[in-house]
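Here are the chains, one letter per residue:
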Amino acid sequence: AQSVAQPEDQVNVAEGNPLTVKCTYSVSGNPYLFWYVQYPNRGLQFLLKYITGDNLVKGSYGFEAEFNKSQTSFHLKKPSALVSDSALYFCAVSGITGGGNKLTFGTGTQLKVEL
Amino acid sequence: ETGVTQSPTHLIKTRGQQVTLRCSSQSGHNTVSWYQQALGQGPQFIFQYYREEENGRGNFPPRFSGLQFPNYSSELNVNALELDDSALYLCASSLVPTEGARGYTFGSGTRLTVV
């Protein structure tokens, strides 16, 4: 069974500082990994995806994520945080179930960027 | 391009009642997936529909059922509502059952409260 762990419920960072939101995964075979962001009372917005290739994946809004196979991690990063980045971030892994394809999400990390 | 539209946005039901939630997929997308997001949790996969057939199901009881129509819109039906069914229900569409380069497109969700 596939699973995702986000060890931090909340991450606080000052605007302009780099941010990291951590994610580790467990999956059989090659992982398809995702980051989504959720603003209050909204659905999920896709940030980026890793399938294969370069370990550093660039996504929307200046975010990037680093895939590390040996550590089974897929941490989300941004060089300079903005107050508007404050939101709930979900890491997810893709897998097949009964012929369908589902995303398994972590429990989420609340990012708070302060002035 | 149009996004994913869900209706209603909010709903209050009484325990034991039945509810139908609706989803219009993004134009050109033939796959719809439904997720349940309880408060403080990550989304949980309910099921996926591809070309009007169920294409995978998560660990949800049979009282959770769905339909997909020829125009690829979808319904989620829940019978015999329980208090624990209170959650944000998210619909996601994709071009194919496996995610495209942009991942799933999620709607803003339906907030269901069971009292």
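This text goes with the structure placed above it.
Residues numbered from 1 in each chain as written. Chains lettered and ligands numbered in written order. Predicted model: local features only at pLDDT ≥ 70, side-chain atom pairs only at ≥ 80, totals over all residues. Heavy atoms only, no water.

A. A look at the pattern of salt bridges. Inspection of the entire model under this criterion finds 8 salt bridges over all chains. For the salt bridge of A:Lys112 with A:Glu114, the shortest nitrogen-to-oxygen distance reads 3.8 Å. Exposure remark for A:Lys112: the relative accessible area of 41% places this residue in the partly exposed category. You can call A:Glu114 partly exposed: its relative accessible area is 38%. Among the salt bridges present, the one from B:Glu82 reaches B:Arg63, with a minimum N-O distance of 3.3 Å. Taken together, the residues B:Glu82 in the loop between strand 8 (74–78) and strand 9 (87–94) and B:Arg63 in the loop between strand 6 (53–57) and strand 7 (64–68) connect sequence positions 19 residues apart. Taken together, the shared-partner salt bridges in this structure form one network comprising B:Arg63, B:Glu82 and B:Asp85. (Salt bridge = Lys/Arg side-chain N within 4 Å of Asp/Glu carboxyl O. Buried < 20%, exposed > 50% of the residue type's maximum accessible area, 1.4 Å probe, protein only. Helix = DSSP H or I, 4+ residues; strand = E, 2+ residues; numbered from the N terminus.)

B. Highlighting unusual backbone geometry. Geometrically, the link from B:Ser7 to B:Pro8 is a cis peptide bond, its omega value of -10° lying close to zero. Residues other than glycine seldom take positive phi values, yet A:Thr72 does so here, at roughly 45°. With relative accessibility at 31%, the residue A:Thr72 sits in the partly exposed group. Of note, B:Ala80 is a non-glycine position whose phi angle comes to about 45°, a positive value. Mapped onto the secondary structure, B:Ala80 falls in the loop between strand 8 and strand 9.

C. Expanded view of the sheet that holds strand 1 (residues 5–7) of chain B. Residues and elements named next belong to chain B. Across the sheet, 4 strands lie side by side as 1-3-8-7; this open sheet has antiparallel pairing. Across the chains shown, the open sheet's two edge strands, defined by having one partner strand only, are strand 1 and strand 7. Shown here is a sheet whose adjacent strand axes are inclined to one another by a mean of 20°, direction ignored. (Pairing = 2+ DSSP bridges. Axes fitted to C-alpha atoms, helices over the stretch in contact; angles between N-to-C directions.)

D. View of the packing of aromatic side chains. Under the definition given, this model contains 17 aromatic pairs over all chains. When the ring of A:Tyr36 is compared with that of A:Phe105, the centres are 6.0 Å apart and the planes differ by 55°; the resulting orientation is tilted. Residue A:Tyr36 is located in strand 5 (residues 32–38), and its partner A:Phe105 is located in strand 11 (residues 100–105); the two are separated by 69 residues in the primary sequence. Across the pair, exposure class does not vary: A:Tyr36 and A:Phe105 are buried alike. Seen from their ring centres, B:Tyr35 and B:Phe45 are 5.6 Å apart, and the 65° between their planes marks the pair as edge-to-face. (Phe/Tyr/Trp six-rings, centres within 6.5 Å; stacked < 30°, edge-to-face > 60°.)

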